[in-house]
Amino acid sequence: MTTPAAGAPTLPPDRPAGWIVLTASQRGAAHVAVQTQNQDSVAVERAGTAGVVAAVADGHGHSRHLRSARGSRLAVSIGCRVGQELADQLGQADDADDADPASRITGLLRSFLVPAVVQRWREAVLADVAADPFTDAEEGKRRSGDEPVVAYGSTLLLCIALGDWLVLAQIGDGDVVGVRLDGTPTLPIPADPQLDGLVTTSLCGPDAGGDFRIAVLNLTQAPLLAVLLATDGYGNAQVEQEWPSSFSKDLAWLLTRRDMRWLASQLPAWAARCASADGSADDTTIALLVAPAGQMAQGEVPPGRTDDPSAVPPDAGSEEITIPAEIRTDTVPTAQRAASRAEQAAVQTGVAEQFTTDREPPGSSAGSGVR
Amino acid sequence: MTETLMPGGGVARRPLHFIVMADCSGSMKGEKMQALNYALRSMLPHLVDWERDQLQAQLLIRILAFASAPNWYVPDPVPVAELSARWRNLEYVPMGRTNMGPAFRAVAEALAPDRLERRALRPAVLLITDGLPTDPPGGFEQGLAALLETPAGRSALRLAVAIGRDASSEPLDRFRSQDVPVLVADGTDEIADRLVTASIAVSRMSEVGVNREALAEQLIQAGRQHGSDPAVQAERRPLRFDDTIL
């Protein structure tokens, strides 16, 4: 069974049927300093009858990619649209004849989603250039021989949550981190040897279709609490080399202690912290997809822990961020707090948004928009 | 809002590794060695200032002294301000040769993927020499190949400062990044100026949104003002910097 509503009828009445997606995006401190806009983008849409599709994209920072902010906006918009169409196709399948749904979904990713995203993105870019030709100043920045699409270069990370299935596609750098029920991470997208941390593949590349990496997860076999999609501004800010491990452990803990409203209130601060001069200083965009299991985790006891609120936090030795029983003030130096307040307020009012497929999270009207 | 509870182990600036390869062969004895030490000391405050003023990177510096064999003078990456505060002069190696191949290998090992943070910025390598390589046959080539086989070594900003016009040789052209010239110090009194120019290149070329073509042109102009021939020193090929990182 691969239709998006597959699991819904079996859910108890008080259990959420769909995923909640929380997003935040923050312009990097280095981009603020040189007065360039936030070149990241994020989008969330419904998919199928009870699914959701989320996308983040990172427009390239080099001067030759002078319209990359537009490129990333087109990427997330088109990515979500094509993701919806994929969901529709999966929903129309005859499940009785579907002996190997994972292979069928994978096949559709390769035969439909990836080529459609690449083709439509290129078409949209060319249409944008036709409607708004490069100015003389922009032409001066373009490199001789560059196709117009190079000016719009962007990555794209796409996640479609459909019932029992999680469908992922990525081109370029950035991170997709799944959080298992036991708080361990899973990195479902295959590594790309082309991504050496110094350069990235791109939608504007000559073989963009071939550069996409995909994954299909059967959530009945490997259930998740949540999935993080993040542009590289997030991962590049993390001190720990293997940061997905501590991220997953901490998030699993947080989900047992905090509700969705609290999480929504925190996400912009996470992005702001990574995008700050104390972090990567790069544009940082995150989409956190919280599975029904993650939404129901509050009050549960994580594996290997006691339910004592004063119990030792999972990263007691960390100097930076730990998970204490109570929220504590962060370690931002006093002199930076005023700026941080203004920065975070701007993020929350301008960018934070929240999406729910079947129900709103408790108190979702506070602070964040709900679509 | 001042309360932030963020999963993970905390955040920090991205490291920018800067490796100085300093020729300490026997021919550097005397005034050249003294000038090189003065120049390195003079360069550090510029890098300290840049690091303080920019928002993106933590500059970490190492120094490899090389002669017949390489010797890590500053083996572990240290913040540039720390090195500036506790600077000790390099010393030449009596009878030491100018074997660059083993030095390149040592840098290649330092920049190996398992030795470099995944989130590190494109590193920079500055080679300062007063002479031609004296490696055994094939030694220079094999060492340089080892450096360029590492992703970080290949993509690094590789700068060369030649002390004396004779030192600006074909081997240095093979080492340097394609878009930046060999910086020539015609006399010992020019070494400091060239290292400051190099430090500008190291710092500015890692910044977000910088027009690297324009910056490279500035470096070439600097070379022209100081008498080197930019047509020879820097080929005007398309920039290698395909920096789509940020």
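Residues numbered from 1 in each chain as written. Chains lettered and ligands numbered in written order. Predicted model: local features only at pLDDT ≥ 70, side-chain atom pairs only at ≥ 80, totals over all residues.

1. Let's talk about the overall build of chain A
- Helix and strand counts for chain A stand at 10 helices and 12 strands.
- A total of 371 residues make up chain A; the buried ones form 54% of that total.
- Considering only residue pairs separated by 6 or more positions, chain A has 77% of its internal contacts joining residues 24 or more positions apart. (Helix = DSSP H or I, 4+ residues; strand = E, 2+ residues; numbered from the N terminus. Buried ≥ 20, exposed ≤ 12 C-beta atoms within 10 Å, placed from the backbone. Contact = placed C-beta atoms within 7 Å.)

2. Some thoughts on the sheet that holds strand β6 (residues 183–185) of chain B
All names here are of chain B.
- Spatial ordering of the open sheet is given by β3-β2-β1-β4-β5-β6, a layout of 6 strands whose pairing is mixed. In the strand order of this sheet, the two ends are held by β3 (70–79) and β6, each with one partner. Within this sheet the neighbouring strands show an average axis-to-axis angle of 15°, counted without direction.
- In this structure, strand β1 (residues 14–23) lies alongside strand β4 (residues 124–129), joined through 5 bridges in parallel fashion. Within β4, the position partnered with Ile19 by the bridge is Val125.
- Docked against the sheet, helix α3 (residues 100–110) engages β1, β2 (57–66), β3 and β4, running at close to 150° with respect to β2. (Pairing = 2+ DSSP bridges. Axes fitted to C-alpha atoms, helices over the stretch in contact; angles between N-to-C directions.)

3. Some thoughts on the sheet that holds strand β3 (residues 51–58) of chain A
Residues and elements named next belong to chain A.
- Pairing in this open sheet of 5 strands is antiparallel, and the strands run β2-β3-β4-β5-β8 from one edge to the other. Each edge of the open sheet carries a strand with a single partner, namely β2 (40–47) and β8 (213–218). Taken over all neighbouring pairs, the strand axes of this sheet differ in orientation by 10° on average, direction set aside.
- Against the sheet, helix α2 (residues 68–91) contacts β2, β3, β4 (156–162) and β5 (165–171), and its axis sits at roughly 20° relative to β2.

4. Regarding the pairing of β4 of chain B
Residue and element names in this part refer to chain B.
- For β4, a buried count of 6 out of 6 residues is recorded, marking the element as mostly surrounded by other parts of the structure.
- With 6 bridges joining them, β4 and strand β5 (residues 157–163) adopt parallel strand pairing. Residue pairing in the sheet places Ile128 in a bridge with Val161 of β5.

5. With respect to unusual backbone geometry
- The residue Ala281 of chain A is not glycine, and still its phi comes out positive at about 65°.
- The residue Ala281 of chain A is located in the loop between α8 (260–275) and β10 (284–290) in this model.
- Of note, the phi angle at Met95 of chain B is positive, near 65°, even though the residue is not glycine.
- Within the secondary structure, Met95 of chain B sits in the loop between α2 (80–85) and α3.
- The exposure class assigned to Met95 of chain B is exposed, which follows from the 10 C-beta atoms found within 10 Å.

6. Quick word on α8 of chain A
Residue and element names in this part refer to chain A.
- The terminal C-alpha atoms of α8 lie 23 Å apart, and with 16 residues this matches the ideal 22 Å at 1.5 Å per residue to within 8%.
- Gln266 marks the point of greatest bend in α8, at about 25°, and the proline Pro268 comes within the next four residues.
- Of all 16 residues in α8, 14 are buried; the element is thus mostly enclosed. (Expected span 1.5 Å × (residues − 1). Bend = angle between axes of the 7 residues up to and from the residue.)

7. Examining the packing of α2 of chain A against helix α3 (residues 101–131) of chain A
Residue and element names in this part refer to chain A.
- It is at 9 Å that the axes of α2 and α3 come closest, and there the two elements cross at 145°. Between α2 and α3 the crossing geometry is right-handed. Touching Arg70, Gly71, Leu74, Ala75, Ile78, Gly79, Val82, Leu86, Gln89 and Leu90 of α2 are Ile105, Leu108, Phe112, Leu113, Ala116, Val117, Arg120, Trp121, Ala124, Val125 and Asp128, all from α3.
- Across the contact of α2 with α3, the residue classes break down as 15 nonpolar, 3 polar and 3 charged. (Left-handed = near helix turned anticlockwise from the far one by under 90°. Nonpolar A, V, L, I, M, F, W, Y, C, P; charged D, E, K, R; others polar.)

8. Notes on the confidence of the model for chain A
Residues and elements named next belong to chain A.
- Residue-level pLDDT values for chain A average 79, and 74% of them are 70 or greater.
- Of the regions scoring below 50 in pLDDT, residues 1–13 engages in 33 contacts with residues more than four places distant in sequence or in other chains.
- Segment residues 304–371: pLDDT under 50, and 114 contacts once partners within four positions in sequence are set aside and those in other chains are kept. (pLDDT = per-residue confidence, 0-100.)

9. Brief notes about the environment of Val78 of chain B
Residue and element names in this part refer to chain B.
- Inspection of the secondary structure assignment puts Val78 in strand β3.
- A residue is classified by how many C-beta atoms lie within 10 Å of it, and Val78, with 16 of them, is partly exposed.
- Considering only alpha carbons, one finds Val78 and Leu16, 62 residues apart in sequence, at a separation of 11 Å.
- Not counting residues up to four positions away in its chain, the partners in contact with Val78 are Leu60, Ile61 and Leu83.

10. Quick word on the environment of Thr184 of chain A
Residue and element names in this part refer to chain A.
- Assignment of secondary structure puts Thr184 in the loop between β6 (175–180) and β7 (185–186).
- Thr184 gets classed as partly exposed once you count the C-beta atoms within 10 Å, which come to 14.
- Considering only alpha carbons, one finds Thr184 and Gln298, 114 residues apart in sequence, at a separation of 18 Å.

11. Observations concerning the nonpolar core
- Ala55, Ala226, Leu229, Ile286 and Leu289 of chain A are the most contacted members of the largest nonpolar core, which totals 101 residues.
- Here the element with the most residues in this core is α8 of chain A; it accounts for 10 residues.
- Setting aside chain neighbours within four positions, we find Leu289 of chain A in contact with Trp19, Val21, Ala54, Cys159, Ala161, Ala226 and Val227 of chain A.
- Within the second largest apolar cluster, 68 residues are counted, among which are Leu36, Leu60, Val161 and Leu195 of chain B. (Core = buried A, V, L, I, M, F, W, Y, C linked by C-beta atoms within 7 Å.)

12. Some points on the pairing of β3 of chain B
Residue and element names in this part refer to chain B.
- With 6 bridges connecting them, β2 and β3 associate as antiparallel partners. The residue bridging Ile61 from the neighbouring strand is Val78, located in β3.
- Counting the residues between successive antiparallel strands, the hairpin from β2 to β3 contains 3 residues.

13. Details of the packing of α3 of chain B against helix α4 (residues 139–149) of chain B
All names here are of chain B.
- The geometry of α3 relative to α4 is characterised by a closest axis approach of 7 Å and an angle of 15° between their N-to-C directions. Taken as axis vectors, α3 and α4 run roughly parallel relative to one another. Two packed elements cross with a definite hand, and for α3 against α4 that hand is left-handed. Across the interface between the two elements, Met100, Gly101, Pro102, Ala103, Phe104, Arg105, Val107 and Ala108 from α3 touch Gly139, Phe140, Gln142, Gly143, Leu144, Ala146 and Leu147 from α4.
- Of the residues assigned to the contact of α3 with α4, the class counts are 10 nonpolar, 4 polar and 1 charged. (Parallel < 35°, antiparallel > 145°, perpendicular 65-115°, else oblique.)

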